[in-house]
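Below are the chains, spelled out letter by letter.
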Amino acid sequence: MHATAGQSLDFARIPHPSPVPAAERNTLIAAPGFGTVFTDHMVMIEYDADRGWHSATLGPRGPLSLDPACAVLHYAQEIFEGMKAYKLADGTMALFRPEQNARRFNDSADRLAMPNLPEKVFVEAVRRLVLADKDWFPMVEGGSIYLRPFMFASEAFLGVRPAKQYKFLVIASPSGNYFKSGAPAVSIWVSENYTRAAPGGTGAAKCGGNYAASLVPHANAVARGFDQVCFLDAAEHKWIEELGGMNLFFAFEDGTLLTPQLTGTILPGITRDSIIKLAREEGLTVKEGRYSFDQWRADAESGHLLETFACGTAAVVTPVGRVAGAAGEFTIGGGGPGQLTERIREKLVGIQRGTIKDRHGWVHRID
Ligand SMILES: *Cc1c(COP(=O)(O)O)cnc(C)c1O
């Protein structure tokens, strides 16, 4: 199942018969929001068990035609990634740690019994799409092109076994700030009756099924007046895991930072990993460990806990202000963005945008 680390593919370029006219495109990218505007092109690569990966194209974005027995529609064999193309201060387009997305994609593929895509091909597919659609870059504060590589089982077959045919695609969506900068902190409802991931399950894989399972608890949180749902562990319903699509960090008065450890039920965020490295570089003690909901409340109430923030590619770093569960509600710090949260956000965004020196080789220039 593990393909060929160095394999490369030729991408056929299919000309676009009718790209969106410049005036219309400029209107669309003036206020892109998140996930609703799409660029002109997409990448598609086909896989079948006999030929491996083949027929790579960069062509017009458009609907797919699928057999109604297409395996993904029945058994949810689907994985994805989320990453962004940034424009550096000098105008160059860049990706942030794209090889990490490529690697995680293959980890997800392994868990879902899907074929690996060579990391080089993954990064090259993303790079080509960004360059083809770079006129879609939104010139708004915090603007980026959000990229969505994904793979699904395309074989028409209703038996239960790993499919023999797959499609890998990349689509792109110009986006503004997920949450406006300076926006008030998000509020969180801690779900005590729904879980996101169980030991031995698919929690560490970025698969669509995890999101499907999180929609009801998320909707319940929103119905109660909260922005996001926070999940506890499935075994004891006690330990903080993560939000539906973001990892969590806790900052204490003694200068330590804590994030739940990766036990197989938490998605290993690339933002999470970058923050751990940046915080350690600043001299902070970062612990990966267990943190219970009860302790979270006690520490917030005693003042031992100063800040909590959520992190992920889409929203970068987002302060958490208000937390509630069945037993009542508490506030973190002053209820707004804390100093450490702001500092870490500025550092990460600065590296991504090329205004702060990249000492880790994280910024991957693509043109
Ligand atoms: C994608 C994702 C994250 C954040 O990962 P990043 O690599 O930082 O974007 C966190 N939790 C879940 C469940 C995710 O799917």
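This one's a predicted model, so the numbers in the text were calculated from it and none came from an experiment.

Conventions and cut-offs
Residues numbered from 1 in each chain as written. Predicted model: local features only at pLDDT ≥ 70, side-chain atom pairs only at ≥ 80, totals over all residues. Heavy atoms only, no water. Helix = DSSP H or I, 4+ residues; strand = E, 2+ residues; numbered from the N terminus. Rg over C-alpha atoms; globule rule 2.2 N^0.38 Å. Buried < 20%, exposed > 50% of the residue type's maximum accessible area, 1.4 Å probe, protein only. Areas by Shrake-Rupley, 256 points an atom, 1.4 Å probe, with all protein chains shown as cover. Lys, Arg positive; Asp, Glu negative; His and termini not counted. Charge placed at Lys NZ, Arg CZ, Asp CG, Glu CD. Expected span 1.5 Å × (residues − 1). Phe/Tyr/Trp six-rings, centres within 6.5 Å; stacked < 30°, edge-to-face > 60°. Salt bridge = Lys/Arg side-chain N within 4 Å of Asp/Glu carboxyl O. Domains from an automatic or database assignment. Contact = heavy atoms within 4.5 Å. Buried area = accessible area lost by both parts, 1.4 Å probe. Near = heavy atom within 4 Å. Polar contact = N/O pair within 3.5 Å; in protein donor to acceptor, adjacent residues only side chain to side chain. Nonpolar A, V, L, I, M, F, W, Y, C, P; charged D, E, K, R; others polar. Pairing = 2+ DSSP bridges. Axes fitted to C-alpha atoms, helices over the stretch in contact; angles between N-to-C directions. Parallel < 35°, antiparallel > 145°, perpendicular 65-115°, else oblique. Left-handed = near helix turned anticlockwise from the far one by under 90°. Core = buried A, V, L, I, M, F, W, Y, C linked by side-chain atoms within 4.5 Å. Disulfide = S-S within 2.5 Å.

*Asks:* I would appreciate a short explanation of the overall build of the protein chain in the present structure.
*Replies:* When you go through the protein chain residue by residue, the secondary structure sums to eight helices and 18 strands. The C-alpha radius of gyration computed for the protein chain amounts to 21 Å, which stays within 12% of the reference 21 Å derived for 367 residues, consistent with globular compactness. For the C-alpha atoms alone, the extent of the protein chain along its principal axes is close to 60 × 50 × 40 Å. Looking at the 367 residues of the protein chain, the share that counts as buried comes to 51%. As displayed, the protein chain has an accessible area near 16,000 Å², and 52% of this comes from carbon and sulfur atoms. Side chains of the protein chain give 37 positive and 40 negative charges; the mean places of these two sets differ by 3 Å.

*Asks:* Just checking my understanding: could you explain helix H4 (residues 119–132) for this structure?
*Replies:* An α-helical segment advances 3.6 residues per turn. Residues three or four places apart therefore align on the same side. Between the first and last C-alpha of H4 there are 20 Å, a value that for 14 residues agrees with the 20 Å anticipated at 1.5 Å per step. Buried within H4 are the following residues: Val121, Phe122, Val123, Ala125, Val126, Leu129 and Val130.

*Asks:* Even after reading the chapter, I still don't get the packing of aromatic side chains, so can you show me in this structure?
*Replies:* Two aromatic rings are characterised by how far apart their centres lie and by the angle between their planes. For the coordinates displayed, the defined rule picks out 17 aromatic pairs. Between Phe80 and Tyr211, the aromatic rings sit 5.4 Å apart at their centres with planes inclined by 65°, giving edge-to-face as the arrangement. Of this pair, Phe80 sits in strand S4 (residues 78–80) while Tyr211 sits in helix H5 (residues 208–223); the two residues are 131 residues apart in sequence, bridging distant segments of the chain. Assessed through its relative accessible area of 7%, Phe80 is described here as buried. Residues Phe293 and Phe330 carry aromatic rings whose centres are separated by 6.3 Å and whose planes lie at 40° to one another, so their mutual orientation is tilted. Of this pair, Phe293 sits in helix H7 (residues 293–302) while Phe330 is found in strand S17 (residues 328–331), placing the two residues 37 residues apart along the sequence.

*Asks:* Help me understand the pattern of salt bridges, please; the structure alone is not making it clear to me.
*Replies:* Pairing is possible between side chains that carry opposite charge, provided their charged atoms lie close to one another. Taken as a whole, this structure holds 18 salt bridges when the rule is applied. When salt bridges that share partners are traced, they join Arg97, Asp273 and Lys277 into one network.

*Asks:* How should the domain arrangement of the protein chain be read in this particular structure?
*Replies:* Bring the parts together and some accessible area is lost; that lost area is often taken as the interface size. Taken domain by domain, the protein chain consists of domain 1 (11–175) and domain 2 (186–352). Between domain 1 and domain 2, the C-alpha centre-to-centre distance is 28 Å. Counting residues at the interface gives 18 residues for domain 1 and 21 residues for domain 2. Taken together, the two surfaces of domain 1 and domain 2 that pack against each other cover about 1,700 Å², and 60% of this comes from carbon and sulfur. If you sort the residues of domain 1 by the area they bury against domain 2, Phe80, Phe96 and Arg104 come out on top, with a joint share of 36%.

*Asks:* It is not clear to me how the site of the ligand should be interpreted in this structure. Could you clarify?
*Replies:* Surveying the vicinity of the ligand reveals 15 residues, the closest of which are Lys206, Tyr211, Glu242, Thr271 and Thr313. Glu242 places a side-chain nitrogen or oxygen 2.5 Å from a nitrogen atom of the ligand. The side chain of Thr313 places a nitrogen or oxygen atom 2.6 Å from an oxygen atom of the ligand. For the ligand, the accessible surface in isolation is 380 Å², of which the surrounding protein chains cover 97%. Here the shell around the ligand is built from residues that sort into four nonpolar, seven polar and four charged.

*Asks:* Teacher, can you tell me more about the pairing of strand S6 (residues 93–96) here?
*Replies:* Regular strands place their side chains on alternate faces of the sheet. What you see with S6 is no split at all: Met93 and Leu95 on one side and Ala94 and Phe96 on the other are buried throughout. Sheet analysis places strand S5 (residues 83–87) next to S6, joined by three bridges and oriented antiparallel. Bridge pairing links Ala85 to Leu95 in S6. Counting the residues between successive antiparallel strands, the hairpin from S5 to S6 contains five residues, one of them, Gly91, with a positive phi of roughly 90°. Bridging between S6 and strand S18 (residues 363–365) involves three bridges; their strand directions are antiparallel.

*Asks:* Teacher, can you tell me more about the packing of helix H3 (residues 98–111) against H4 here?
*Replies:* Two quantities define a packed helix pair, namely the angle between the helix axes and the distance between the axes. Close contact between H3 and H4 brings their axes to 9 Å; oriented N to C, the two are set at 125°. With respect to their mutual orientation, H3 and H4 come out oblique. H3 and H4 meet at a crossing whose hand is right-handed. Packed against H3, whose contacting residues are Pro98, Glu99, Asn101, Ala102, Arg103, Phe105 and Asn106, the element H4 presents Glu119, Phe122 and Val123 at the interface.

*Asks:* Any chance you could explain the side chain of Arg353 here in plain terms?
*Replies:* Relative to the helices and strands, Arg353 resides in helix H8 (residues 339–353). Glu141 is the oppositely charged side chain nearest to the buried, salt-bridge-free Arg353, at an N-O distance of 8.5 Å. A polar contact of 2.6 Å, which involves the side chain of Arg353, links it to the backbone oxygen of Gly143. Residues contacting Arg353, with those up to four places away along its chain left out, are Tyr86, Lys87, Leu88, Ala89, Gly142, Gly143 and Ser144.

*Asks:* Before we go on, may I ask you to explain the nonpolar core in this structure?
*Replies:* Here is a general trend for soluble globular proteins: nonpolar side chains tend to be buried in one another's company. Counting 43 residues, the largest nonpolar core has Ile45, Phe122, Leu147 and Phe168 as the members making the most contacts within it. When residues of this core are assigned to their parent elements, the largest contribution, seven residues, is made by H4.

*Asks:* So what exactly am I meant to see when it comes to H3 here?
*Replies:* Over its 14 residues, H3 extends 20 Å from the first C-alpha to the last, a length consistent with the 20 Å expected when each residue adds 1.5 Å. All of the buried residues in H3 are Pro98, Asn101, Ala102, Arg104, Phe105, Asn106, Ser108 and Ala109. Just downstream of H3 lies Ala113, where phi reads positive at about 60°.

*Asks:* Any chance you could explain the state of the cysteines here in plain terms?
*Replies:* In protein chemistry, a disulfide is the covalent bond that joins the sulfur atoms of two cysteines. What the rule picks out here adds up to zero disulfides. In this structure Cys207 is a free cysteine whose sulfur lies 17 Å from that of Cys70, the closest cysteine sulfur available. Judged by its relative accessible area of 4%, Cys207 is buried. Looking at the unpaired Cys311, the closest cysteine sulfur is the one in Cys230, lying at 13 Å. Owing to a relative accessible area of 1%, Cys311 belongs among the buried residues under this scheme.

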